[in-house]
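# Descriptive analysis of the structure
The primary structure of each chain is shown beneath.
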Amino acid sequence: MIRRFDLPYGAESLAVRAAGVDLAGIYTPRPTLPALAPEALIREALDNPIGSESLREAARGKTSALVLIDDITRETPADLLVPPILDDLETAGISADDILVMIALGTHRPMNDEEIRHKVGDEVLSRVRITQHDHRTAPLRDLGVTPSGTPIEVNEHLFEADIVIGTGAVVPHHIAGFSAGAKIVQPGVSGAATTAATHMFSARARTPLLGRVDTPVRAEMELIAERCGMRHVLNVTLNADGQIVTARFGATRPTYRRAVEDARRIYGVRAPAGLDAVVAGSHPCDIEFWQAHKSLYPAMLMVRPGGTIIVVTPCP
Amino acid sequence: MTHPDMLDYTAQPADVLLGRYERNEIDDRVAASLAVAWARVREYARVVLVSDGIAPHEAAALGFDTAPDVETALSALARTSGTTPQVGVLTHAPDTLPLVA
């Protein structure tokens with residue numbers, strides 16, 4: 001019987017001695033080797049689109065483009081993902097002056113200059129304009145409501161570009177099931193009213209949406225992204241060190257689902273349900289409870305109703 | 001904490017929060033949706049926080065219990081359970097997707 005275990009705790013590790021309980025198992029993400037040549041992997045993805053034409057073909061004849069990237073709260077390496085997208089857009093005939101990269105902050109705080117430089121890299125900064133979606137000040141276009149009643153308010157820039165390309169990394173997510181795909185538009189570049197409404201679909205659910213593909217939230221996100229004209233995504237999966245493992249490009253819906261299959265192999269761990277208690281370490285989401293709360297939902301999948309979830313988090 | 005004002009209402013039951021949300025009584029509607037999610041977890045299972053950075057009064061505002069360390073939390077669990085409790089450990093919970101049968 002297991003009697004002790006180690007738990008990451010910020011920069012340290014806690015050695016825990018478990019007395020009086022039966023340790024059913026210790027579950028940790030499996031180590032995953034990164035792609036040896038991530039740039040070549042991304043190139044291969046762009047040249048082998050899923051469910052769509054290639055980016056170069058899609059951009060031909062267009063005169064402007066918008067590339068959406070996530071923010072500093074995500075590990076997505078925009079410095080690797082954006083340059084080959086720019087290459088294809090320029091090859092198709094779109095001038096760099098007519099390409100805009102927008103940081104999809106959702107309702108997060110704006111990034112400072114140093115954070116932007118770290119996120120996108122010097123090459124992207126020198127090639128194209130960068131802007132941020134600040135939901136408090138951004139010009140929003142009102143597109144009415146979805147059939148489910150979600151108000152659609154989205155950044156006006158999406159309608160000024162001839163082609164919109166989303167990027168992102170797929171990880172398990174408690175609201176959307178997984179991150180990425182159409183999520184770069186909603187909540188990424190949407191108004192707060194839209195985001196609150198889609199989040200509430202998850203809050204109303206009686207069982208966790210974590211790890212599910214086709215959720216009510218995802219349906220709203222995909223509908224909104226389509227209404228805004230985002231037809232293509234470049235989605236990657238990352239290992240625990242933030243290195244690219246897989247890359248997929250193509251039409252938003254099938255490409256996202258293919259990337260989810262990749263993510264399941266990386267993050268999925270066979271585990272029992274119905275346990276009396278689950279000890280949930282918050283690493284690497286240790287900064288504050290707004291991040292550490294992500295520990296609750298995987299634990300909820302394993303614990304029995306009325307059981308106990310012990311969240312272990314430094315939150316300095 | 002991001003959205004610090006939400007601590008004023010995070011301990012409320014999910015259905016109460018949903019009602020307040022639908023009546024537009026909570027200004028920060030994104031935070032309100034997360035508060036409902038936390039309430040759902042709390043209504044499903046007891047939540048115990050072990051944290052140097054979250055004060056007991058903040059944990060109480062979240063509707064959670066606290067323990068000074070994991071051993072103390074597990075000992076309390078063992079004392080109050082009729083049988084030896086079965087416990088699982090997620091070392092990197094936010095980055096783990098339990099595939100349960």
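Keep in mind that this is a model prediction, so the values were computed, not measured.

## Remarks on unusual backbone geometry
Cis geometry marks the peptide bond from Gln186 of chain A to Pro187 of chain A; its omega dihedral reads 15 degrees. Here Pro187 of chain A is to be found in the loop between β11 (177–178) and α6 (192–204). Even without being glycine, Asn24 of chain B reaches a positive phi, approximately 60 degrees. Mapped onto the fold, Asn24 of chain B is located in the loop between α1 (14–22) and α2 (29–44).

## Section: the domain arrangement of chain B
All names here are of chain B. Looking at chain B, the domain boundaries give domain 1 (1–45) and domain 2 (46–80). Residue-level contacts link seven residues of domain 1 with eight residues of domain 2. Between domain 1 and domain 2, roughly 630 Å² of surface is buried when both sides are summed, and carbon and sulfur atoms account for 68% of that area. Looking only at domain 1, the three residues that lose the most surface to domain 2 are Leu7, Arg42 and Ala45, adding up to 64% of its buried area.

## Describing the sheet that holds strand β5 (residues 99–103) of chain A
Residue and element names in this part refer to chain A. With respect to topology, six strands assemble into an open sheet ordered β6-β5-β4-β9-β12-β13, the strand pairing being mixed. One side of each edge strand has no neighbouring strand; the edge strands of this open sheet are β6 (129–132) and β13 (244–251). The average undirected angle you get between the axes of adjacent strands in this sheet is 20 degrees. Note: strand β12 (residues 230–238) against β13, seven bridges, orientation antiparallel.

## A short note on the sheet that holds strand β15 (residues 275–281) of chain A
Across the sheet, six strands lie side by side as β3(A)-β3(B)-β15(A)-β16(A)-β1(B)-β2(B); this open sheet has parallel pairing. Only two strands of the sheet have a single neighbouring strand rather than two, namely β3 (22–27) of chain A together with β2 (65–66) of chain B. Summarising the sheet, β15 of chain A and strand β3 (residues 86–90) of chain B pair through four bridges and their orientation is parallel. Paired with Val279 of chain A across the two strands is Val89 of chain B, which belongs to β3 of chain B. Lying on the sheet, α2 of chain B is in contact with β16 (303–312) of chain A together with β1 (46–50) of chain B; it crosses β16 of chain A at an angle near 120 degrees. Strands in contact with helix α4 (residues 70–80) of chain B are β15 and β16 of chain A together with β1 and β3 of chain B; relative to β16 of chain A, the strand with the most contacts, it is inclined by about 160 degrees.

## Considering the interface of chain B and chain A
Residue-level contacts link 56 residues of chain B with 81 residues of chain A. Note on chain B versus chain A: buried area summed over both sides is about 6200 Å², and carbon and sulfur give 66% of it. For chain B, the biggest contributors to the area lost against chain A are Tyr44, Val89 and Leu97 of chain B; these three give 12% of the whole. Where chain B touches chain A, the interface holds one salt bridge. Across the pair Arg204 of chain A and Glu22 of chain B runs a salt bridge whose closest N-O atoms are separated by 2.6 Å.

Scoring rules and cut-offs
Residues numbered from 1 in each chain as written. Chains lettered and ligands numbered in written order. Predicted model: local features only at pLDDT ≥ 70, side-chain atom pairs only at ≥ 80, totals over all residues. Heavy atoms only, no water. Helix = DSSP H or I, 4+ residues; strand = E, 2+ residues; numbered from the N terminus. Domains from an automatic or database assignment. Contact = heavy atoms within 4.5 Å. Buried area = accessible area lost by both parts, 1.4 Å probe. Pairing = 2+ DSSP bridges. Axes fitted to C-alpha atoms, helices over the stretch in contact; angles between N-to-C directions. Salt bridge = Lys/Arg side-chain N within 4 Å of Asp/Glu carboxyl O.

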